[in-house]
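Examination of the molecular architecture
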Amino acid sequence: MDFAPVIEGFGVVLQPQNFLFCLLGVIVGMTIGVLPGLGPAATIAILLPLTYTMEPVTAIIMLAGIFYGAIYGGTVTAVLLKLPGETSSAITALDGYPMGQKGQAGKALGIGALGSFLGGTIAIIALTMVAPIIAGWALRFGPPEYAALTLLGILLVATISNGNMLKALVAAAAGLLLAVIGRDGFTGELRYTAGNLELSDGLQFVPIAMGVFGLAEILYNLEKRHLAQPKPIKVDKVLPSGQDLKQSSGPMARGGILGFFLGILPGGGATVSSMVSYGLEKRISKDPKRFGKGAIEGVAGPETANNAAATSSFIPLLTLGIPANATMAVMFGALMIQGIAPGPQLVESNPDLFWGVVNSMYIGNLILLVLAIPMIGLFVRILYVRSTILAPITLLIVCMGAFTISNRFFEVMVVIVFGVLGYLMKKFGFDPAPLVLAFVLGALLEDNFRRALMMFEGDISQVAGRPITLTLLAVFLLVLILPVVLKMITRHKNLNPLSDSSTETEETHVR
Amino acid sequence: MFWTRRTTRSTTLIATGAAVALTASACGGVTDGTTDADDYPNENIRLTVGQEAGGSTDLIARAIADEAQSALGTSMTVENQPGANGAIATQDVASQEPDGYELVLLNASLITVTSLVVDEDEEVTLDDLDIVAGLSQDDYIMVANADSDIETVEDMVQADRTISYGTTGVGTASQLAQLLLMEEADIAGNEVPFDSGAPAMTAVMGDQVEVATVQVGEAMPQIEAGTVKPIVVFSEDRIDYLSDVPTAVEEGYEIPISQYRALALPAGAPDEVIETLREGLEEVFASEDYQQFNEEHFLTPAELDGEEVEEQWTEYAELYAELVEENDIDLGGDD
C-alpha cells in the first residue's frame, strides 16, 4: 500500500495547533470523563460545542483526544469508586477496585493507562491496513448494500446491547419511530410534524444525543451522588514495576488482538471484548482464584481489549458511515456538523482528514499515557468537587451547545425533552444507546431501502440478489438464528463458557 | 443537507469564547429602534443564512461578509439557521425591523421550486421582503459515468431503455430539471432521489444510477478527473467554465434552470438604507477577492438590482409552475 498519505497524516497531527487541541482534548476529556457515570458518549456530547468553530481536522482531532481521555476517566472511577464511566470499564472494576482497596490504586491505574495505550496502538496499526481495503469497495456499496448493512447494524445494536434485551428492543423501536418525523425525502410529504415548521426536517441527531447522554446523565448523577459521597483514596506508585509488566504482557497482547476484531462489529464491541478478555485470562490463568481479588491481569487484559475495540469501532464509522456504538453515533453527529460525510469516499476525497484522524488517535493515546501517569492524582480530585457546582456548569455548556447548532431555541427544547426522557429511561432500566443508534440507523435504512427499490423499479429480488447484499443478509440471518441455536446447544450440554465472568459482571453494573 | 463542503473557518474558540460570541450575537439582534437611517450603518449587520455552514449558499454569504468591513464600514456576521430549505430563516428575518441590520441570503429555488412542493402556509413569497441585489448564478449539470454509452441527450432518447437518474432530493432544481427533460424528450426515466449532490455523484461513479444532475461545483472535480462526463447544462446560456457542454435549451428543450441568489431584508426598509447597502455591494462585486471566489466556486455573476431580481424570479416561478402543469409531472408533496 501507499504510505505517503499515512505519513502526511502525521504531519497534519503534529502541526502545533492540532497537537495542542489533541492535548487539550485529552485533558478536558479526562476531566469530564472522570465524573462517575459520564462515559465517552456523554463526554463527547457535552463537549461537542467546543469544536463547532474549528477547522474540521482540528475538531475531529480534539474529539479523538476527548474520546481517549473520557475512556480513561472511566477507568479511574472504576478503580477508585467501583463506578465505571461506561459499561466497557465495568470489568476493570472487578479487579481494579480490590487493588485500590489493597493500596495498589496507582498500580492499577498505571497498568490501565499502559494497556489502553497498547490496545489503541494495535488497533490503529490494523486500522491503517484495513481501512483502505474497505474503502476500495466503496463504489460497489450502493443503496441495496447500505440497506442490508444498516439492517444488520440495527439487529446487532438491539441484541448485543447491555442488560435486558426486551427493553433494548423497545428503546430501539422508539428510536426508529423518531427517525420517521419530518419531510419524507421521496414524496415530499410531512410526517408527524403537527404543522410545526421547525420539525419539517425531522429531529436533529445531536440535540437528542446531548439530551439522552449528556443531560440525562447529569440528572441521574445528581441523584446518585446525593445519595453517596465518595471517600478519597490515596493514589501513588503509578509506574508499573518489572514484575507487573511481566505479568501483564500476555493479557495485553491477547486483549489487544481480541478487542480489535470484536470492536469492528456493531453493537457495543468494547464491552463484549473486555468481558471476553477477562473470561479468557481467568480461564488460562494458573491461579484463577486470584481474579476478583485484585489480579493485575484482570485489569491489564480488559483495559487493552476495550481500548482496542473502541479504536477499531472507528472502522465502520469512517469507512462505511455506519456508527457501531453510541460513542461512534455521537462522533457521526460531530462529523456531520463539520460538513463531513463519513463513508467510503472519505479516504479518497479527504485523505488529510482521514489519516489526520487516524494518526491523531495514535498521538492521543501517547499523550494520554504521558499525561495520565503523572496527573492521575490531580484528576482524582475532581471526583470530590461538589455536584452543586459541577452540574450547573455542565448543563450550561450543553444548552449553549444545543442552541448554536442552528441558532434556534427549538434545539434547546429538544435537549431538555430528551434529557428528561433519558433520565426516566435510566431510572427504569432502559439503556438509551439503542434508541439513539436506531434513530441514526433507522433513517439510513429507510432511505436506502426505498432508494434501492426505486433503482430496480420495485423488484426486490434484484435488490437482494446483489452479491454484497446477499452476503450481508446471510450474516443478518445468522446473527438472528445463532443465539437461539447456541442456547439450545448450551441447554443441552448445560455448559456456558462465559458464565463465570458474566455473573460477576452483573454485580458491578452500576446502571 | 449533511453532505456539504466546507473550507475555511479560522476562528477557534473554547467554551468561554463561544459563550461570549453567543451573548454578543444575541445583543446584536436587539437594535434599539432609534438608529437613524442617515448614519446607517453604525453597528454590526447580521446576515442570516437558511442553509448549513459549509454549503455553497453559506460560502457566498461569508465571502460577502468578508468584504463588508471595507465596503460598508461596519462588520457583518453570518449566522446559519438551517431548516426547511431556508424557509425558517427567511420567515424569521422577514418578521424583523427593516432597519438594515437584519439581512438574509435568499436562494431563488425557495421561491421558484420549493413552492411547487410545500403547503401554502409554508410557502415563502417575496412580498415580505425587499431585495437589495442579485448575486450570482449557480448552474446544474447532468453527468454520466465515464464508461457509459450515453454522451448526449440524444443518446438517451435513442437508448430505448429505462434510464435511472439521480436527483439531489424532492423539490430541488435537480429533480425539476430532470423530470422536465425526461418528459419533454420522451425518455423513459426512473427517478432515484438522494439527500444532496455528493451521494448522487457517488451513485453515478458506482453505476448505481445512469445519470444524475448536480451543481457544477460538485461535479467539476470528477469531470476533471475523468470519472464522469458532462451531458448537458440547464442554464439559459452556455457557462464559461464548461463552454463546450451544450445547454438543454439549445438542444431544443425549454428547461432554463439555475440557482440564483440574492441579498434581501424585511419589507419596508427606508430607501437610504437600501441605497447604502446597494452601493456597498457594488464595491464587494468589484473586489478582486470576491471575483476570485466566484471563479473558484464556478459561480457566474448575476448582479441584478432588486427590481430585476424580483421580476426574474417571479417569471421563473410562473414558468416552472406552467411547465409542471403542461407536462403533468409530480414533484411530490401534499396535493
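Residues numbered from 1 in each chain as written. Chains lettered and ligands numbered in written order. Predicted model: local features only at pLDDT ≥ 70, side-chain atom pairs only at ≥ 80, totals over all residues. Heavy atoms only, no water.

1. A word on the overall build of chain B
When you go through chain B residue by residue, the secondary structure sums to eleven helices and ten strands. Each of the 335 residues in chain B was classed as buried or not, and the buried ones make up 59%. Within the structure as shown, chain B displays about 13,500 Å² of accessible surface, and the carbon and sulfur contribution to it stands at 44%. (Helix = DSSP H or I, 4+ residues; strand = E, 2+ residues; numbered from the N terminus. Buried < 20%, exposed > 50% of the residue type's maximum accessible area, 1.4 Å probe, protein only. Areas by Shrake-Rupley, 256 points an atom, 1.4 Å probe, with all protein chains shown as cover.)

2. Considering the confidence of the model for chain A
All names here are of chain A. Per-chain confidence: chain A averages 81 in pLDDT, with 89% of residues scoring 70 or above. Considering each helix and strand of chain A separately, the mean pLDDT is smallest for helix H22 (residues 499–508), with a value of 41, and largest for helix H18 (residues 409–427), with 93. Note that residues 496–511 has pLDDT below 50 and, in this model, 32 contacts with residues that lie over four places away or in other chains. (pLDDT = per-residue confidence, 0-100. Contact = heavy atoms within 4.5 Å.)

3. With respect to the nonpolar core
Ranked by size, the top nonpolar core spans 141 residues in total, and within it Phe67, Tyr72, Leu203, Met210 and Met361 of chain A carry the most contacts. For this core, the element with the most residues is helix H16 (residues 351–382) of chain A, which contributes 17 residues. In contact with Tyr72 of chain A, not counting residues within four places along its chain, are Met30, Leu109, Gly110, Gly112, Ala113, Ser116, Leu368, Ala372 and Ile376 of chain A. Core analysis: the second largest hydrophobic core is formed by 55 residues, Val117, Ile150, Ala173 and Tyr253 of chain B among them. (Core = buried A, V, L, I, M, F, W, Y, C linked by side-chain atoms within 4.5 Å.)

4. Quick word on the packing of helix H9 (residues 271–286) of chain B against helix H10 (residues 288–296) of chain B
Residue and element names in this part refer to chain B. In the contact formed by H9 and H10, the axes pass within 5 Å of each other and the chain directions differ by 65°. With respect to each other, H9 and H10 are oriented roughly perpendicular. In this structure, H9 contributes Val284, Phe285 and Ala286 to the contact, and H10 contributes Glu288, Tyr290 and Gln291. (Axes fitted to C-alpha atoms, helices over the stretch in contact; angles between N-to-C directions. Parallel < 35°, antiparallel > 145°, perpendicular 65-115°, else oblique.)

5. With respect to the packing of aromatic side chains
All names here are of chain A. Applying the stated criterion to the full structure yields twelve aromatic pairs over all chains. Ring geometry for Tyr278 against Phe291: centres 5.5 Å apart, planes inclined by 85°, an arrangement best described as edge-to-face. With Tyr278 in helix H11 (residues 269–284) and Phe291 in the loop between H11 and helix H12 (297–312), this residue pair connects regions lying 13 residues apart in the sequence. Among the residues examined, Tyr278 registers a relative accessible area of 0% and is labelled buried. Since its relative accessible area comes to 6%, Phe291 is described here as buried. Between Phe354 and Trp355, the aromatic rings sit 4.9 Å apart at their centres with planes inclined by 90°, giving edge-to-face as the arrangement. Like Phe354, the residue Trp355 is buried in the burial classification. Here the aromatic residues Phe67, Tyr68 and Phe314 are joined through ring pairs into a cluster of three or more. Its guanidinium or amino end placed over the ring of Phe430, Lys167 lies 5.4 Å from that ring's centre, counting from NZ or CZ. (Phe/Tyr/Trp six-rings, centres within 6.5 Å; stacked < 30°, edge-to-face > 60°. Lys NZ or Arg CZ within 6 Å of the ring centre and 35° of its normal.)

6. Observations regarding the confidence of the model for chain B
Residue and element names in this part refer to chain B. Scored by pLDDT, chain B comes out at a mean of 85, with 88% of its residues at no less than 70. Looking at the elements of chain B, mean pLDDT is at its lowest for helix H1 (residues 15–28), recorded as 40, and at its highest for strand E8 (residues 228–233), recorded as 96. Across residues 1–34, confidence stays below pLDDT 50; counting only partners more than four residues off in sequence or on other chains, it has 63 contacts.

7. Here we look at the side chain of Thr121 of chain A
Take Thr121 of chain A: it is sitting in helix H6 (residues 105–136). Apart from residues lying up to four places away in sequence, Thr121 of chain A is in contact with Tyr362 and Asn365 of chain A.

8. Notes on the pairing of strand E2 (residues 76–80) of chain B
For E2 of chain B, the tally of buried residues reaches four of five residues, placing the bulk of the element in the interior. Considered for its hand, the β-α-β crossover made up of strand E1 (residues 45–49) of chain B, helix H2 (residues 56–72) of chain B and E2 of chain B is right-handed. (Right-handed = clockwise from strand over helix to strand, strands pointing away.)

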